[in-house]
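Listed below are the residues making up each chain.
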Amino acid sequence: MIVKYGGNAMKSLDLRRAVAAEIAALRAEQTVVVVHGGGPVIERELAARGIPSEFRAGLRVTTPDAMDVVEMALCQLNKQLSQDVGHAVGLMGRDSDLLRAEIFDPTLGRVGRVTGVNADVLRALIGAGLTPVVGCVAVGPDGDALNVNADTAAGAVAGALNEGIVFLTDVDGVYRTYPDPASRAAHLTRAEVEGGIQDGWIAGGMIPKVRAALDALDRGAPFAVIASGMHAGALSAAARGEAGTRITP
């Protein structure tokens, strides 16, 4: 299973380590690969250097100077998460061309779209009993780093390994009548997701989340789960199908 981890769940060190412990426990039951972002860490490091932070359509405008900071911040976080999980190896896209990408939109700078995953590297580590922890920096055609969206990077990894994926976020799943907890959809098909967007009960910040799930399915993942990473036990419950929203073709 691929676990996409990042965002608000990383703001608390205690919560970060609790999630890491759940990842380690899940590893005893099935294959696990972690793919992470690190927005709060990147924001902090950019601010410390006086580099402005700008987003367009949810993507960070990444100048060469900002790219250097993004890579530095994510590399450090990558090693910390690997240590938290234990029996893990932290990797970035430059490692054996693990994540390859092309420029997404020249107006966004060093922002990439994942075009390939070196799945053999991940399989080799898994076969050795180690958990790969992958940071969302890819290598571009020019050999330099590109900043890639962690959701789509995780979806690409899930597709390359033909594994299901859990997107840990700050909500408990997709609601038919938000925020009524009783309206959480335990399972949705692609057609139901598209219908929900059209009918308006999937809206706002949930749209990019379900789009990332659908992208993972397009790349070959058998299923995708949107679940909360904000409280202990959420990941294991989502893996058992007892929490979050599972989206299938």
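Residues numbered from 1 in each chain as written. Predicted model: local features only at pLDDT ≥ 70, side-chain atom pairs only at ≥ 80, totals over all residues. Heavy atoms only, no water.

The test is simple: UniProt positions are given in the numbering used here, feature names are shortened, and annotations may be inferred rather than shown by experiment.
Going by the annotation in an unreviewed UniProt entry, the name recorded for the protein chain is Acetylglutamate kinase, with Deinococcus daejeonensis given as the source organism. In its Function (unreviewed entry) section, UniProt records this for the protein chain: "Catalyzes the ATP-dependent phosphorylation of N-acetyl-L-glutamate." Regarding the protein chain, the relevant UniProt record gives this comment under Sequence similarities (unreviewed entry): "Belongs to the acetylglutamate kinase family. ArgB subfamily."

So, the packing of helix H6 (residues 190-199) against helix H7 (residues 206-218)
Operational definition: Structural elements are reduced to axes, namely lines fitted to C-alpha atoms, with helices fitted over the stretch in contact, and the angle between N-to-C directions of any two is expressed from 0 to 180 degrees. Secondary structure follows DSSP: runs of H or I at least 4 residues long count as helices, runs of E at least 2 residues long count as strands, and numbering of each begins at the N terminus. Orientation categories follow fixed angle ranges, with anything under 35 degrees roughly parallel, anything over 145 roughly antiparallel, 65 to 115 roughly perpendicular, and all other angles oblique. Handedness of a crossing is defined here by the sense of rotation of the near helix relative to the far one, left-handed for an anticlockwise turn of less than a right angle and right-handed for a clockwise turn. Every residue pair with non-hydrogen atoms within 4.5 Å of one another is taken to be in contact. Amino acids outside the nonpolar list (Ala, Val, Leu, Ile, Met, Phe, Trp, Tyr, Cys, Pro) and the charged list (Asp, Glu, Lys, Arg) are all regarded as polar, and Gly is one of them.
For the pair H6 and H7, the least separation of the axes is 11 Å and the interaxial angle reads 155 degrees. With respect to their mutual orientation, H6 and H7 come out roughly antiparallel. The two elements H6 and H7 cross, and the hand of that crossing is left-handed. Contacts between H6 and H7 involve Arg 190, Val 193, Glu 194 and Ile 197 from the first element and Ile 207, Val 210, Arg 211, Leu 214, Leu 217 and Asp 218 from the second. Residue composition of the contact of H6 with H7, by class: 6 nonpolar, no polar and 4 charged.

Examining the UniProt feature "binding site: substrate" (unreviewed entry) in the protein chain
Here is the rule: With a 1.4 Å probe rolled over the protein chains alone, any residue whose accessible area is under 20% of its type maximum counts as buried; one over 50% counts as exposed, and the rest are partly exposed.
In the numbering used here, UniProt assigns the feature "binding site: substrate" (unreviewed entry) to Gly 38, Gly 39, Arg 60 and Asn 147. In three dimensions, the annotated residues from a span of 110 residues occupy one location, with a maximal C-alpha spread of 12.1 Å. Assignment of secondary structure puts Arg 60 in strand E4 (residues 59-60). For Arg 60, a relative accessible area of 8% corresponds to the buried category. Ignoring any residue separated from it by four or fewer positions in sequence, one finds Arg 60 in contact with Gly 39, Ile 42, Glu 43, Leu 46, Ser 53, Glu 54, Phe 55, Val 70, Leu 108, Val 111 and Asn 147.

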